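# Understanding the architecture of this molecule
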Amino acid sequence: MTHIPGIVITGASGRMGQMLIKTVTDSDQARLVGVVERSGHDWIGQDVGVAMGGAALGVTVTDDPLEAFAQAQAVIDFTAPEATLEFAALAAQARCVHVIGTTGMSDEQIAALEPASRHAVIVRAGNMSLGVNLLVQLTKKVAAALDEDFDIEVIEGHHHHKVDAPSGTALMLGEAAAEGRGIDLAEVSDRGRDGITGARKRGDIGFHAIRGGDIVGEHDVLFAAPGERIVLRHLATDRAIFARGALKAALWGQGKSPGQYDMVDVLGL
Ligand SMILES: NC(=O)c1ccc[n+]([C@@H]2O[C@H](COP(=O)([O-])OP(=O)(O)OC[C@H]3O[C@@H](n4cnc5c(N)ncnc54)[C@H](O)[C@@H]3O)[C@@H](O)[C@H]2O)c1
Ligand SMILES: O=C(O)C1=N[C@H](C(=O)O)CCC1
């Protein structure tokens, strides 16, 4: 009987899915026990190592998430909002820790995770890297120290395949800035200006998204005042940082009480 947690990766063929499979199989703290793809995908029924172009890993890609989750202690899920909602209910049923990296979820979809979190641990973050979660804390501190003479803008850049904007990370940073100022982000958020917008409103927090090439993820939080600017910046150059954080969350969640957590909890920041 092993105490090394068994992990299922959803969205196996995706950019993050493949990085997560590599991270889990390289780790001596976790075992890869299942991989899930959407029904109809041509990887279904294949050994996932072979499907990824390497040696067999002895794990077959399935489109039956519950069957896979039943063999596991944790599910790491970087897919799409609708899929993540379905996986949350099934992971709770199987009493698996559900690590959610999926971004682009609406407020309603986030609220719909609550029933699952009564039965299982959910760790959700728009960015699982140590660097960004540290930047979130710094952003909160800087925003708390400065008044509204400093205009706050969050500028993010990602690869041309990304489907959601602003990025999950940009929203985390915007939330942190608003929290530091003691205000509600929803009331001050100004996204992607275009046309005759009028002058910038004092106290607003602006968001801007660049999409191009193979950018892994770049985030600036700009504090701009007359005569000076502060820029807090994180540059991701390797998706391994997100996968490492997600695996850390899956291990951290073992034995924790059901509920919703984030990477600040996991990293103790
Ligand atoms: N939180 C973080 O640290 C972090 C880091 C990187 C990416 N992300 C997010 O992770 C998500 C995935 O990013 P990506 O670049 O890997 O995208 P991707 O498009 O390369 O991969 C998504 C995968 O999910 C699969 N999928 C979709 N619906 C499914 C279903 N119902 N069942 C099983 N599989 C399903 C797709 O087939 C695809 O293989 C995005 O929301 C992205 O923003 C988060
Ligand atoms: O590649 C992506 O997609 C990423 N998504 C996350 C986000 O939306 O912030 C994290 C960075 C990479």
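All of these numbers come straight from a predicted model, not from anything done at the bench.

Parameters and conventions
- Residues numbered from 1 in each chain as written.
- Chains lettered and ligands numbered in written order.
- Predicted model: local features only at pLDDT ≥ 70, side-chain atom pairs only at ≥ 80, totals over all residues.
- Heavy atoms only, no water.
- Near = heavy atom within 4 Å.
- Polar contact = N/O pair within 3.5 Å; in protein donor to acceptor, adjacent residues only side chain to side chain.
- Areas by Shrake-Rupley, 256 points an atom, 1.4 Å probe, with all protein chains shown as cover.
- Nonpolar A, V, L, I, M, F, W, Y, C, P; charged D, E, K, R; others polar.
- Domains from an automatic or database assignment.
- Helix = DSSP H or I, 4+ residues; strand = E, 2+ residues; numbered from the N terminus.
- Expected span 1.5 Å × (residues − 1).
- Buried < 20%, exposed > 50% of the residue type's maximum accessible area, 1.4 Å probe, protein only.
- Contact = heavy atoms within 4.5 Å.
- Axes fitted to C-alpha atoms, helices over the stretch in contact; angles between N-to-C directions.
- Parallel < 35°, antiparallel > 145°, perpendicular 65-115°, else oblique.
- Left-handed = near helix turned anticlockwise from the far one by under 90°.

### Examining the site of ligand 2
Looking at ligand 2, the residues that line it are Thr-103, Gly-126, Asn-127, His-158, His-159, Lys-162, Ser-167, Gly-168, Thr-169, Val-216 and Phe-242. At 3.4 Å, a backbone N or O of Gly-126 approaches an oxygen atom of ligand 2. Within the side chain of Thr-169, an N or O atom sits 2.5 Å from an oxygen atom of ligand 2. Computed on the free molecule, ligand 2 has an accessible area of 320 Å², of which 84% lies beneath the protein chains in the complex. In the shell around ligand 2, the residues fall into two nonpolar, eight polar and one charged. Both domain 1 (6–128 + 239–267) and domain 2 (130–236) contribute no fewer than three residues apiece to the shell around ligand 2.

### Description of helix α8 (residues 168–181)
Because an α-helix packs 3.6 residues into every turn, residues spaced three or four apart end up facing the same way. Taking 1.5 Å of rise per residue, 14 residues should cover 20 Å, and α8 covers 20 Å from first to last C-alpha, within 8% of that figure. Within α8, 10 of the 14 residues are buried, which leaves the element mostly enclosed by the surrounding structure. Those residues of α8 that sit buried are Gly-168, Thr-169, Ala-170, Met-172, Leu-173, Gly-174, Ala-176, Ala-177, Ala-178 and Arg-181. Considering only its buried residues, α8 is in contact with α7 (130–145), β7 (151–158), α9 (185–188), β9 (205–211) and β10 (217–225). Backbone geometry just downstream of α8 places Gly-182 in the positive-phi region, at approximately 70 degrees.

### Topic: the site of ligand 1
Taken together, the neighbourhood of ligand 1 is formed by 21 residues, with Met-16, Glu-37, Thr-103, Met-128 and Lys-162 sitting nearest. The separation between an oxygen atom of ligand 1 and a polar main-chain atom of Met-16 is 2.8 Å. Contacts to ligand 1 include Met-128, whose backbone N or O atom sits 2.9 Å from an oxygen atom. In isolation ligand 1 exposes 870 Å². Once the protein is present, 80% of that is buried. Within the residue set of the shell around ligand 1, elements represented by two or more residues are α1 (15–26) and α4 (81–93). Tallied by class, residues from the shell around ligand 1 come to seven nonpolar, nine polar and five charged.

### Description of the packing of α1 against helix α10 (residues 240–252)
Interhelical geometry of α1 versus α10 gives an angle of 60 degrees and a closest axis separation of 9 Å. Taken together, the axis directions place α1 and α10 in an arrangement best described as oblique. As α1 packs across α10, the resulting crossing turns out to be right-handed. Residues Met-16, Met-19, Leu-20, Thr-23 and Val-24 of α1 form the contact with α10, whose own contacting residues are Ala-240, Phe-242, Ala-243, Arg-244, Ala-246 and Leu-247. Taken together, the residues that form the contact of α1 with α10 break down as nine nonpolar, one polar and one charged.

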